[in-house]
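# Observations on the three-dimensional arrangement
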Amino acid sequence: MNGQEQNQRGHWGSKIAFIFAATGSAIGLGNIWRFPMVVGKYGGAVFVFVYILAVVLIGFTVMLAEMIIGRHTQRNAIGAFEHIKPRKPWKIIGFLGLLTSICILSYYSVIAGWAAGYFVKTASGTFRGAITSQMSDQIYTNFVSNPLLALICFFVVIGITTLIISKGVQSGIERWTKILMPVLFILIIYLAIKALTLPGASEGLSFYLKPDFSKLNGTVVLFAFGQAFFSLSIGMGIMITYGSYIHKSDNLVTSAGWVSFADTLIAFLAGLIIFPTLFAIPGIAPTAGPGLVFKVFPLIFSKIPNGHFFGMLFFTLLLVAAITSTISLLEVSVAYFIDERSWSRKKAAFLLGGFAFLLGIPSALSSGGMKFFTDIDFMGKFDIIFANISLAVGALLICIFVGWIWGIKKPVEEVRSGNPRFRIRPLWVFSLKFLSPVVLIIILIFIKKIITG
Ligand code: PFF
């Protein structure tokens, strides 16, 4: 620990360090793996349209609210609510966030493990030469249905996450994100250009960008909102925890705006790679689910010069992007146990990381090993419960808490300490108090009907 860190929790070295870490949390598998998957499954361009509305109108609002709570209280996701409203049940929001983040971590790390496995596959030459969609499909299926491999890859990801977290926020998170995020961005732009210039790419582009509003329904709305919260890392207290390390003089509005913008841009670009490629090289359906990205990326690598190298670079960066997200998922709970239960950082990291590993075993095996015992798709179930329902509940409660319970004066003052004019105040307050809660309540009322179809 350096001089700036007076206690176990640590502080961001600078505003830019915070932005990088928050962006690192937001950008990850959610953008590159999950976004194309749900766009493909739920109607293409119309989903993208609802998604962007969800980010602009509600995602940004909730993100700013979380950062405000964090910076005002300088506490973890549970302590923060207790600090503002002592001895009231509001800290349940924080506990819900803790539970959600550990559960998401459990299956998220399984997919991150696949990225690690795909790096090794690419490095060992599996994708050298011309790859057809049938071959890519088969390689994926063989890979994920090998239980031992899935468990090893999963273990490696949880292990790396736990080690980084046990070393502390500053040294752990800052160093990674600063260098590698920009490289990922450049690579994605390059691949998008390559995908868009494939012969036959235009059909994919219109699937992705030309909305067919007759496909709009409750399922699209539910999953678009779930995806927005998941991708922005909101609704579970991560931005509260990260916000607690921000300095008072920083501008929270531009921070929240930047993180939301960068996150949406990366997801959008990932779609610009996947859909043109998918339609230009037919054989894989847009509705392919969790395997979509793993099946489609090797196709584009087989079509570009030095594809082997770009493939290795891509899976390395995907893994790094995933790990800057898994560390944020683990940090939420670790910060709580350090602050409120006086655990050491090491103890908190290892116990919670170990717990997430045990919890994730059924998900790691649900694409293969588990099939001997049961057909239940654990990963899919966890994803619906935690990424869609629980994040929406968390976001709703955060809006109600900041907009109605805390009283709007304090949060506004908190923003003003780093942004005296706070020009978008009326819009933000309107979204926080009225628009976001109403939309989220409607979604939650219809959730059962939407899911059971
Ligand atoms: N936002 C991350 C992503 O898009 O990959 C995933 C994630 C991280 C979700 C942290 C939720 C979270 F709290």
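The structure contained in this document is the topic of the report that follows.

Cut-off values and rules
Residues numbered from 1 in each chain as written. Predicted model: local features only at pLDDT ≥ 70, side-chain atom pairs only at ≥ 80, totals over all residues. Heavy atoms only, no water. Helix = DSSP H or I, 4+ residues; strand = E, 2+ residues; numbered from the N terminus. Rg over C-alpha atoms; globule rule 2.2 N^0.38 Å. Areas by Shrake-Rupley, 256 points an atom, 1.4 Å probe, with all protein chains shown as cover. Lys, Arg positive; Asp, Glu negative; His and termini not counted. Charge placed at Lys NZ, Arg CZ, Asp CG, Glu CD. Buried < 20%, exposed > 50% of the residue type's maximum accessible area, 1.4 Å probe, protein only. Polar contact = N/O pair within 3.5 Å; in protein donor to acceptor, adjacent residues only side chain to side chain. Axes fitted to C-alpha atoms, helices over the stretch in contact; angles between N-to-C directions. Parallel < 35°, antiparallel > 145°, perpendicular 65-115°, else oblique. Left-handed = near helix turned anticlockwise from the far one by under 90°. Contact = heavy atoms within 4.5 Å. Core = buried A, V, L, I, M, F, W, Y, C linked by side-chain atoms within 4.5 Å.

So, on to the overall build of the protein chain. What the protein chain contains, in helices and strands, is 19 helices and zero strands. The globule rule puts the C-alpha radius of gyration for 453 residues at 22 Å, and the 21 Å found for the protein chain is close to it. For the protein chain, the spread of C-alpha atoms along the principal axes amounts to about 60 × 50 × 45 Å. When the accessible surface of the protein chain is totalled, it reaches about 17300 Å², and 69% of it is carbon and sulfur. Placing the 36 positive and 17 negative side-chain charges of the protein chain at their respective mean positions leaves the two points 3 Å apart.

Looking at the secondary structure, you find T324 in helix α14 (residues 307-341). On the basis of relative accessible area, T324 is assigned to the buried category, the value being 2%. There is a polar contact of 2.8 Å between the side chain of T324 and the backbone oxygen of G24.

Another point: the packing of helix α3 (residues 45-73) against helix α10 (residues 218-232). At their nearest, the axes of α3 and α10 sit 8 Å apart, and the two run at 50° to each other. The angle between α3 and α10 places the two elements in the oblique class. Two packed elements cross with a definite hand, and for α3 against α10 that hand is right-handed. Along the contact surface, α3 presents F47, V50, Y51, A54, V55, I58, G59 and M63, while α10 presents V220, V221, F223, A224, F225, Q227, A228, F229, S231 and L232.

Tracing the chain through its elements places Y245 in the loop between α11 (238-243) and α12 (252-280). Expressed as a C-alpha distance, the spacing of Y245 and V320, which sit 75 residues apart in the sequence, is 22 Å. One polar contact links Y245 to E331, side chain to side chain, over a distance of 2.8 Å.

Turning to the nonpolar core, a few remarks are in order. Counting 159 residues, the largest nonpolar core has I69, F297 and W428 as the members making the most contacts within it. A per-element tally of this core places α14 first, with 17 residues. Filtering out sequence-adjacent residues up to four positions away, W428 remains in contact with T61, L64, A65, I68, V402, I408, P411, V412 and F422.

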